[in-house]
Amino acid sequence: MRGLDKPTVGSEMMRRDTLNREDYLEVIYTLIKEKGYAMNVDIASHLHVRASAVTAMMRRLDKDGYVVYEKYRGITLTPEGKKAAKSVVNRHSAINRLLRMLGVDEETAQKDTEAIEHNVDSKTLHCINTLLKFAEDNPEWAKKYPSFKEYHEEIIRRESAEVTLSTLKRAHEPRRGP
């Protein structure tokens, strides 16, 4: 059964590489937006990695057409890199806004956003964005939210012990491409 297969070493490495790639693109995009440029040392500092790891990733991103990388120079995003980076930044923003709207504190929301943003399905992201748009368009809804939140917190407390094998199996099924 496919859903129970263990990921192969190659597929796990590919997933980690995509995570890393997205994190790097997100940081590069944000640095360029905030400072006007991105340097290896800034990227290393933001991602808490060694400069040599940044250099290796910049070479890969350059080879793959996401950045223009010249040693000892600033890094620039190609149009494809900018598109990919914006997608990651938008995903990050939507998830973070949802968590903050739900009352999650900033530090926890940021940590959880980092964990979720690389794994959220595009359909789920669409639903999140729809809900966020609804909340923005209907500010009176927010006034009713505290009682809604309390009600759902009680449901979540009761249901947290009711995790079933079928829910776990569905949650761990491999994602299919877009």
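Presented here is a report on the structure given in the accompanying data block. These numbers come from a predicted model, not from an experiment.

Reading the values: the criteria
- Residues numbered from 1 in each chain as written.
- Predicted model: local features only at pLDDT ≥ 70, side-chain atom pairs only at ≥ 80, totals over all residues.
- Heavy atoms only, no water.
- Helix = DSSP H or I, 4+ residues; strand = E, 2+ residues; numbered from the N terminus.
- Buried < 20%, exposed > 50% of the residue type's maximum accessible area, 1.4 Å probe, protein only.
- Lys, Arg positive; Asp, Glu negative; His and termini not counted.
- Salt bridge = Lys/Arg side-chain N within 4 Å of Asp/Glu carboxyl O.
- Contact = heavy atoms within 4.5 Å.
- Axes fitted to C-alpha atoms, helices over the stretch in contact; angles between N-to-C directions.
- Parallel < 35°, antiparallel > 145°, perpendicular 65-115°, else oblique.
- Left-handed = near helix turned anticlockwise from the far one by under 90°.

### A short note on the side chain of Asp23
(1) Moving on: Within the fold, Asp23 resides in helix 1 (residues 9-35).
(2) Moving on: The buried charged residue Asp23 lacks any salt bridge partner; its closest oppositely charged side chain belongs to Arg91, at an N-O distance of 8.5 Å.
(3) Moving on: Setting aside anything within four residues of it in sequence, one finds Asp23 in contact with Leu47, Glu114, Glu117 and His118.

### A few points about the environment of Pro79
(1) Moving on: Here Pro79 lies in helix 4 (residues 79-101).
(2) Moving on: Residue classification places Pro79 among the exposed positions, given a relative accessible area of 73%.
(3) Moving on: With 14 residues separating them in the primary sequence, Pro79 and Gly65 have C-alpha atoms 8.9 Å apart.

### Regarding the packing of helix 2 (residues 40-47) against helix 3 (residues 51-63)
(1) Moving on: At a minimum axis separation of 9 Å, helix 2 and helix 3 run at an interaxial angle of 115 degrees. Relative to helix 3, the element helix 2 lies roughly perpendicular. Classified by chirality, the crossing of helix 3 by helix 2 is right-handed. Contact residues: Asn40, Ile43 and Ala44 in helix 2; Ala51, Val54, Thr55 and Met58 in helix 3.

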